Amino acid sequence: MQSTAKDVTTYLEEVPPERKAALAELRKLCLATLTGFEESMTYGMPAYSRNGVAEVGFASQKHFIALYILRTDVMKSHADQLKGAGISHGKGCIRYSKPEKIDFEVVAGMLKDMVTSSGAVC
């Protein structure tokens with residue numbers, strides 16, 4: 001579902017109630033960790049860009065919460081931590097079937113690695 005919200009605060013007000021806390025925590029982690037990144041609404045979802053290139057984003061989709069980690073080296077280095085029922089991932093997207101499936105310590109580690117990564121953006 002692509003949002004028409006003009007800013008992230010408005011986006012978070014629109015998400016289903018059962019997902020608000022998890023998405024707010026993702027935003028909090030992004031703002032605290034991604035120094036040098038700019039928050040915006042890109043492709044209808046919250047995104048965090050550096051030098052004009054979106055590298056991180058998240059979205060409330062119909063059947064899952066998506067977290068986009070678009071540096072391939074960071075995704076590869078954390079792939080072993082992205083396993084289990086209700087979690088799937090591809091090249092740059094992690095899908096959580098329910099908010100409680102999100103391991104925020106793992107997310108924090110990936111975001112920390114994003115700050116220093118110069119790997120390819122997918």
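Going by the structure above, here's the rest.
Nothing here was measured: the structure is a model prediction, and the numbers come from that model. (Residues numbered from 1 in each chain as written. Predicted model: local features only at pLDDT ≥ 70, side-chain atom pairs only at ≥ 80, totals over all residues. Heavy atoms only, no water.)

### Here we look at the overall build of the protein chain
- When you go through the protein chain residue by residue, the secondary structure sums to four helices and six strands.
- Starting at the N terminus, the α and β elements of the protein chain follow one another as α-α-β-β-β-β-α-β-β-α.
- Its C-alpha radius of gyration of 13 Å places the protein chain within 12% of the 14 Å reference for a compact globule of 122 residues.
- Considering only C-alpha atoms, the protein chain reaches an extent of 35 × 35 × 20 Å along its principal axes.
- Across the 122 residues that make up the protein chain, the buried fraction comes to 47%.
- The contacts of the protein chain with a sequence gap of at least 6 include a subset with a gap of at least 24, amounting to 56%.
- For the protein chain, the accessible area works out to roughly 6500 Å², and carbon and sulfur atoms hold 53% of it.
- Positive and negative side-chain charges in the protein chain, numbering 15 and 14 respectively, have mean positions lying 6 Å apart. (Helix = DSSP H or I, 4+ residues; strand = E, 2+ residues; numbered from the N terminus. Rg over C-alpha atoms; globule rule 2.2 N^0.38 Å. Buried < 20%, exposed > 50% of the residue type's maximum accessible area, 1.4 Å probe, protein only. Contact = heavy atoms within 4.5 Å. Areas by Shrake-Rupley, 256 points an atom, 1.4 Å probe, with all protein chains shown as cover. Lys, Arg positive; Asp, Glu negative; His and termini not counted. Charge placed at Lys NZ, Arg CZ, Asp CG, Glu CD.)

### Comments concerning the pattern of salt bridges
- As enumerated under the stated definition, the model contains three salt bridges in all.
- With a shortest N-O distance of 2.9 Å, E39 and R27 are connected by a salt bridge. In this pair, E39 sits in strand β1 (residues 38-42) while R27 sits in helix α2 (residues 17-33), placing the two residues twelve residues apart along the sequence.
- Here E39 falls in the partly exposed class, since its relative accessible area comes to 26%.
- One network of salt bridges, with partners in common, ties together R50, E55 and R71. (Salt bridge = Lys/Arg side-chain N within 4 Å of Asp/Glu carboxyl O.)

### Overview of the sheet that holds β1
- Spatially, β1-β2-β3-β4-β6-β5 is the arrangement adopted by the six strands of the open sheet, whose pairing is antiparallel. Two strands close off the open sheet at either side, each with one partner strand: β1 and β5 (87-89). Strand-to-strand, the axes of this sheet are offset by a mean angle of 20 degrees, without reference to chain direction.
- As paired strands, β1 and strand β2 (residues 45-50) are joined by five bridges and run antiparallel to one another. Bridging across to β2, E38 finds its partner in S49. (Pairing = 2+ DSSP bridges. Axes fitted to C-alpha atoms, helices over the stretch in contact; angles between N-to-C directions.)

Distances and angles like these do not, on their own, reveal function.
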